[in-house]
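# Remarks on the overall topology
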Amino acid sequence: MGAGKTTVGEWAAHRLGRPFVDVDEAIAREHGPISDLFATQGEAAFREIEARFVREALARPEPAVIALGGGVVETPGLLPDDRAIVVHLPVDLDTAWFRARRSHRPLARDEAEFRRRYELRAPLYAQVADATARDGDDVVLAAAGVHVERGALERLGELVPGGSVALVSDSNVAGIHGMDAQLALGTRLAETHELAPGEEAKTLAAVDRLWQDLRLDRSGTIVALGGGCTTDAAGFAAAAYLRGIAWTPVPTSLVAQVDAAIGGKTAIDLPQGKNLVGAFHWPARTVVDPALLETLAEPQRIEGMAEVVKAGLLAGEHFWELPDDELVRRAVAYKAAICVRDPYDRGERAVLNLGHTFAHALEAAAGYEGVTHGRAVALGLLAALRLSGHDTQVVEEVLKPEPVRVDRERAWHAMQRDKKVQDGEIRLVLLHRDGLPETGVQVPEEDVRRELDRLIA
Ligand SMILES: NC(=O)c1ccc[n+]([C@@H]2O[C@H](COP(=O)([O-])OP(=O)(O)OC[C@H]3O[C@@H](n4cnc5c(N)ncnc54)[C@H](O)[C@@H]3O)[C@@H](O)[C@H]2O)c1
Ligand SMILES: [Zn+2]
């Protein structure tokens, strides 16, 4: 009572693109005000009606965000429900009492009785909840199976679902955080493997070696500890090993935390290009510990900030101004929501390509050497914002993009070959205003060419 489930639920439903069902409201619509129901029929009768509405809401065929009254935990057998993720919105006793009393709820007439109920229900919430949330972003994260918590690495043993674990780490990261991960996994740790840092991990040769070394059976879980290269490669290994086993990325770079480890895409590279072989393989859970970023080198951090700025512009929220832990949590929740809406990248997930058509052209023109993805994305954002008639101040101040020295013709050629070219037209993601992107916008060739040229020194 008084935890804010309607506000939080509505927001989460909006982000996830799902209907919002408020069970109390649905009851009131059919039976009149709940306080009257309580007064005329008593609590037991109310709980029966409530249970019926809860069962109906949970049986809906399409996914929804459902707000339940705090008393549902007192009806045995209603929760947990195996089709639902149960999220608990905790509220401290004094706040709950203050809010409930003001709203004249039937169970908020007598303070001592209110406190007694609060104490009675507290352990029941802990029993049924899959996750705890403070706001709508936390609800989205729970729905996507992403756990964001400073210090999560130390609780890895509890946080990774399933049984035996094969720990696959980037060899740099293994030297820094590997021992903590191993200790936290405890007796569940069955084997450890290392991948070379960087794109070398994303080769068929590296993944083949990993497949041959793995001893896990189908009930096992691969835990991938490292940057985006490690999570992409180990995730792909998990997708195909024994026709697919569970995996849990534990991303350690900013790129991996806010981007690569979120959304279930895994891949390796071919000589012909990056990410050409892969699979959609949603993790059993993703464990994000922002404290791990403290050992990340500054250039790697800047790489990640390009994606944070992109996500913030798309969301219409200034993620880049937040302290690390919040920046990560909010940016992850934004991407996770879009990926839950479009898990196989067939529609709205395309918004995440903001700035990326230009970025890929610059990277390709540089032969994938010398121009990092983050730098290319920063420049690509500039071009996309200019074509949108949007000011570029944030990109300039936060990312300080510098034009790159690449061959102009090569970049233009790559741009035209990009996979978003359809019927001879270049289609881009543009941003009408903060929080309002549009995908598949046709832009006249000469305008695209002009903006591409401005990115090249
Ligand atoms: N699957 C997806 O949806 C997706 C999305 C974005 C990017 N990616 C992929 O991610 C890759 C890039 O990821 P990346 O930038 O993390 O590169 P990376 O994995 O190579 O890591 C960058 C460097 O940082 C080091 N490092 C990582 N965490 C560290 C830590 N906590 N402390 C110290 N050093 C640390 C690594 O050893 C490495 O040298 C690319 O291959 C890209 O294609 C995938
Ligand atoms: Zn990117």
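Below is a short write-up of the structure. Worth saying up front: this structure is predicted, and the values here are computed from it rather than measured.

### Thoughts on the overall build of the chain
When you go through the chain residue by residue, the secondary structure sums to 19 helices and 15 strands. Taking the principal axes of its C-alpha atoms as reference, the chain extends roughly 80 × 55 × 35 Å. Counting across all 457 residues of the chain, residues that qualify as buried make up 51%. Considering only residue pairs separated by 6 or more positions, the chain has 71% of its internal contacts joining residues 24 or more positions apart. Working note: accessible area of the chain is about 21100 Å², and carbon and sulfur atoms make up 50% of it. When the 52 basic and 70 acidic side-chain charges of the chain are each reduced to a single mean position, those positions are 2 Å apart.

### Focus: the coordination of the zinc ion (ligand 2)
Donor atoms from the polypeptide that bind the zinc ion (ligand 2) are E307 (OE), H356 (NE2) and H373 (NE2), placed at 2.0 to 2.1 Å. One chain supplies every donor for the zinc ion (ligand 2), spaced along it as E-x48-H-x16-H. Pair noted here: E307 is in helix α13 (residues 298-315) and H373 is in helix α16 (residues 373-388), with a separation of 66 residues, a long-range link. We classify E307 as buried; its relative accessible area is 4%. A residue is classified by how much of its surface remains accessible, and H373, at 26% relative accessible area, is partly exposed.

### Here we look at the sheet that holds strand β8 (residues 221-226)
Strand order in the open sheet formed by four strands is β7-β6-β8-β9, and the pairing between neighbours is parallel. Looking at strand neighbours, the two that pair on one side only are β7 (189-195) and β9 (246-251), the edges of this open sheet. Geometrically, the sheet is characterised by an average inter-axis angle of 20 degrees between neighbouring strands, direction not taken into account. Judged from the five bridges that link them, strand β6 (residues 165-170) and β8 form a sheet pairing that is parallel. Counted as the bridge partner of V168 is A224 from β8. Helix α11 (residues 228-240) rests against β6, β7, β8 and β9 of the sheet, and its axis sits at about 165 degrees to β8.

### Examining the site of ligand 1
The immediate surroundings of ligand 1 are formed by 26 residues, with D170, E199, T252, S253 and T295 found nearest. One of the side-chain N or O atoms of S253 is found 2.5 Å from an oxygen atom in ligand 1. Broken down by secondary-structure element, the contributors of at least two residues to the shell around ligand 1 are α9 (171-185), α11, α12 (254-260) and β11 (273-280). If one sorts the elements of the shell around ligand 1 by residue count, α9 sits on top with four residues. Partitioning the shell around ligand 1 into residue classes produces eight nonpolar, ten polar and eight charged.

### Here's the deal with the nonpolar core
Of all hydrophobic cores here, the largest spans 79 residues; its most connected members are V328, Y334, F358, L362, M415 and L428. For this core, the element with the most residues is helix α14 (residues 324-341), which contributes eleven residues. Among residues more than four places away in sequence, those in contact with V328 are V148, L254, Q257, V258, V288, P290 and L293.

### Digging into the packing of aromatic side chains
Taken as a whole and assessed by the stated rule, the structure comprises four aromatic pairs. Arranged with centres 5.8 Å apart and planes meeting at 55 degrees, the rings of W211 and F236 form a pair that is tilted. Taken together, the positions of W211 in helix α10 (residues 204-213) and F236 in helix α11 put the pair 25 residues apart, joining distant regions of the chain. Ring geometry for F280 and Y344: centres 5.4 Å apart, planes at 80 degrees, overall edge-to-face. Taken together, the residues F280 in strand β11 and Y344 in the loop between α14 and α15 (356-365) connect sequence positions 64 residues apart. A relative accessible area of 39% means that F280 is categorised as partly exposed. A residue is classified by how much of its surface remains accessible, and Y344, at 45% relative accessible area, is partly exposed.

### Quick notes on the packing of helix α18 (residues 408-417) against helix α19 (residues 445-454)
It is at 11 Å that the axes of α18 and α19 come closest, and there the two elements cross at 135 degrees. Regarding the angle of α18 to α19, the classification is oblique. For the pair α18 and α19, the crossing hand works out as right-handed. Side by side, α18 and α19 meet where R408, E409, A411, W412, M415 and Q416 of the first sit next to E445, V448, R449, L452 and D453 of the second. Partitioned by chemical class, the residues of the contact of α18 with α19 number five nonpolar, one polar and five charged.

### Notes on the environment of G136
With respect to the helices and strands, the residue G136 is situated in helix α7 (residues 136-144). Not counting the four nearest positions on each side in its chain, G136 is found in contact with V8, W11 and A12.

### Regarding unusual backbone geometry
Of note, the bond from L79 into P80 is cis; its omega dihedral lies within 30 degrees of zero at -5 degrees. Within the element layout of this structure, P80 appears in the loop between β2 (65-67) and β3 (87-88). Of note, R243 is a non-glycine position whose phi angle comes to about 65 degrees, a positive value. Along the chain, R243 falls in the loop between α11 and β9. Here the phi dihedral of D345 falls at roughly 55 degrees; this positive angle occurs in a residue that is not glycine. Within the secondary structure, D345 is located in the loop between α14 and α15.

Definitions and cut-offs
- Residues numbered from 1 in each chain as written.
- Chains lettered and ligands numbered in written order.
- Predicted model: local features only at pLDDT ≥ 70, side-chain atom pairs only at ≥ 80, totals over all residues.
- Heavy atoms only, no water.
- Helix = DSSP H or I, 4+ residues; strand = E, 2+ residues; numbered from the N terminus.
- Buried < 20%, exposed > 50% of the residue type's maximum accessible area, 1.4 Å probe, protein only.
- Contact = heavy atoms within 4.5 Å.
- Areas by Shrake-Rupley, 256 points an atom, 1.4 Å probe, with all protein chains shown as cover.
- Lys, Arg positive; Asp, Glu negative; His and termini not counted.
- Charge placed at Lys NZ, Arg CZ, Asp CG, Glu CD.
- Donors = N, O, S within 2.8 Å, 3.2 Å for Na, K, Ca; no water.
- Pairing = 2+ DSSP bridges.
- Axes fitted to C-alpha atoms, helices over the stretch in contact; angles between N-to-C directions.
- Near = heavy atom within 4 Å.
- Polar contact = N/O pair within 3.5 Å; in protein donor to acceptor, adjacent residues only side chain to side chain.
- Nonpolar A, V, L, I, M, F, W, Y, C, P; charged D, E, K, R; others polar.
- Core = buried A, V, L, I, M, F, W, Y, C linked by side-chain atoms within 4.5 Å.
- Phe/Tyr/Trp six-rings, centres within 6.5 Å; stacked < 30°, edge-to-face > 60°.
- Parallel < 35°, antiparallel > 145°, perpendicular 65-115°, else oblique.
- Left-handed = near helix turned anticlockwise from the far one by under 90°.

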